[in-house]
Amino acid sequence: MSEKLILAYSGGLDTTIAIKWLQENYNVDVIAVLIDLGQPDNLQDAYDRALDTGASKAYIIDAKDEFINDYIYPSLKANAKYEKKYTLATAIARPLIAKKLVNFAQKENASMIAHGCTAKGNDQVRFDVGIRSLNPDIKIIAPMRVWKLSREEEIEYAQKNNIKINVTKKSIYSIDENLWGRSIECGNLEDPWSEPLEEIYKWSKIRKSEKDNEYIEIGFEKGVPVSLNSEKMKPVDLILRLNEIGGSYGIGRLDMMENRLIGIKSREIYEAPAAEILLESHRELESLVSDRELLHYKYMIEDKVSEMIYYGLWFTPLMGCLIKFVEESQKYVSGTVRIKLEYKSFNVVGRKSEYSMYDYSLATYDKNDMFDPKFSESFIKIWGYPYEILAKKGRTNG
Ligand code: ARG
């Protein structure tokens, strides 16, 4: 009996021809696993294609809720953005996929896992490190890392092996999508000077006019969104809805130069309307309810969490500790944020919470002012002492 291998299958050209290649080169039974994270692909078609191409079994797993609750929400609570910009849609999905693959390997008694990542990206690192952190005995195979084929050669291989693929549908761009965002590379995007063509956008195609605008209200409980315009919503529906509304205004586009883990720079385009709106709203609500020391200290944690998600270090002791810190910081992050959506932009225009630290009588400049000015002078006197002393000794910096 041949050994079994679990393949992270997407239905695309690379992982489809990989089924044949793995059988030829490793003499294995290929079990294709399709993980539904809210990508718009037709998963049933992909399932059929896997079996047609020779996979001995195929599975579709709906992991959307787990994705949101255990990966997206911790990252939202951490206000995670890699290099202060990228909302991490692709990156945050990888540890979950790795975990599912390892679970399947155990269930099916498979000794190998294969994925379709190339040798140049971050995803190979995230899969490999994720899988090895969960089960170091599993052998990992990345056909695209071993087998250097151009797109034309892949198509030729498919034709020679009677593999049914829809070549005309294959775009020149490399795209990864899930609920949290859409990542786009290749084509003319490989020239950092060249403007992205409108054709690459799908979620943020503008369907509003420059005069349109609307207000939305997002309700949060302990750092996670629970309602939209006062209507309680299931996490999946809320994210999909925000992608839809935000996208219609052209919100959520990002064009950035990014530093990959493996040391090369790449030009990346993202569409993430819901992620952008939720991250901004969450941060604003935190600013209302949390004290300065916590907020400022948390910025450091946020950068570290973002970097670790990007670097594929999810299943690590430090991540465990950081996530606990972040979780603890969210106890009072409950309330409502009001957002104005406009042509190609959005702004938080209001926030309220029963845990608000804002004190009107201290902040106001009108006649209701309760702030006692006499304390300020003494406070500043003490605060400034060290510099007064240095100045007297001629040691002023500047
Ligand atoms: N650069 C991003 C990351 O490493 C996105 C990669 C997405 N892949 C793609 N085929 N567009 O997380």
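Scroll up to find the structure this text is about.
Residues numbered from 1 in each chain as written. Predicted model: local features only at pLDDT ≥ 70, side-chain atom pairs only at ≥ 80, totals over all residues. Heavy atoms only, no water.

*Asks:* How should the pattern of salt bridges be read in this particular structure?
*Replies:* Tallied over the full model, the rule gives 34 salt bridges. Between R338 and E217 there is a salt bridge, and its shortest N-O distance comes to 3.7 Å. Remark: E217 occurs in strand β8 (residues 213-221) and R338 occurs in strand β13 (residues 335-342); sequence separation between them is 121 residues. Because the salt bridges share partners, they merge into one network encompassing R94, D123, R126 and D176. (Salt bridge = Lys/Arg side-chain N within 4 Å of Asp/Glu carboxyl O. Helix = DSSP H or I, 4+ residues; strand = E, 2+ residues; numbered from the N terminus.)

*Asks:* Please clarify how the packing of helix α3 (residues 64-77) against helix α9 (residues 273-289) should be interpreted in this entry.
*Replies:* The geometry of a pair of packed helices is captured by two quantities: the angle between their axes and the separation between those axes. Packing of α3 against α9 brings their axes to within 9 Å, and their N-to-C directions diverge by 50 degrees. In terms of axis orientation, α3 runs oblique to α9. Listed contacts from α9 to S75, L76 and K77 of α3 are L278, L279, H282 and E286. Looking at the contact of α3 with α9 residue by residue, the classes come out as three nonpolar, two polar and two charged. (Axes fitted to C-alpha atoms, helices over the stretch in contact; angles between N-to-C directions. Parallel < 35°, antiparallel > 145°, perpendicular 65-115°, else oblique. Contact = heavy atoms within 4.5 Å. Nonpolar A, V, L, I, M, F, W, Y, C, P; charged D, E, K, R; others polar.)

*Asks:* What's the story with the packing of helix α1 (residues 13-26) against helix α2 (residues 43-53) in this structure? I'm lost.
*Replies:* Where α1 contacts α2, the two axes come as close as 9 Å, and the packing angle between them is 25 degrees. One way to sum up the angle between α1 and α2 is to call them roughly parallel. Read as a crossing pair, α1 and α2 show a hand that is right-handed. Across the interface between the two elements, T16, I19, K20 and Q23 of α1 pack against R49, A50 and T53 of α2. Along the lines of polarity and charge, the residues of the contact of α1 with α2 split into two nonpolar, three polar and two charged. (Left-handed = near helix turned anticlockwise from the far one by under 90°.)

*Asks:* How should I be thinking about the site of the ligand in this particular structure?
*Replies:* For the ligand, the set of nearby residues contains 13 residues, the closest of which are Y86, N122, R126, S174 and E258. The backbone of S183 places a nitrogen or oxygen atom 3.3 Å from a nitrogen atom of the ligand. With respect to the ligand, the side chain of Y270 contributes an N or O atom lying 3.2 Å from a nitrogen atom. When isolated, the ligand has an accessible area of 350 Å², and the protein chains bury 92% of it. Sorting the residues of the shell around the ligand by element identifies α4 (89-108), β6 (173-178), β7 (181-186) and β12 (265-271) as the ones contributing at least two each. At three residues, β6 tops the list of elements feeding residues into the shell around the ligand. Residue composition of the shell around the ligand, grouped by class: four nonpolar, four polar and five charged. (Near = heavy atom within 4 Å. Polar contact = N/O pair within 3.5 Å; in protein donor to acceptor, adjacent residues only side chain to side chain. Areas by Shrake-Rupley, 256 points an atom, 1.4 Å probe, with all protein chains shown as cover.)

*Asks:* What is the right way to read α2 from this model?
*Replies:* For an α-helix the count is 3.6 residues per turn, leaving residues at separations of three or four pointing the same way. Residues L43, A46, A50 and T53 constitute the buried set of α2. The buried residues of α2 occupy one face: seen down the axis, they fall within an arc of 90 degrees. Summarising the contacts, the buried residues of α2 are in contact with α1, β2 (29-36) and β3 (57-62). A side-chain oxygen of the first residue of α2 lies 3.1 Å from the backbone nitrogen of Q44; this N-cap is N42. (Buried < 20%, exposed > 50% of the residue type's maximum accessible area, 1.4 Å probe, protein only. Arc of directions from axis to C-beta.)

*Asks:* Would you take a moment to explain the layout of surface pockets for this structure?
*Replies:* Where empty space is left becomes clear once a probe the size of a water molecule has been rolled over the atoms. Reported here for the second largest pocket is a volume of approximately 180 Å³. Forming the walls of the second largest pocket are G38, P40, E177, L179, K202, W203, R207, L240, N243 and E244. At three residues, the largest contribution of residues to the lining of the second largest pocket is made by helix α8 (residues 235-248). (1 Å grid on protein atoms, 1.4 Å probe; cavity = no way out; pocket = protein on both sides within 12 Å on 5 of 7 lines; lining within 4 Å. Points joined across faces, edges and corners; volume = space filled by probe spheres on them.)

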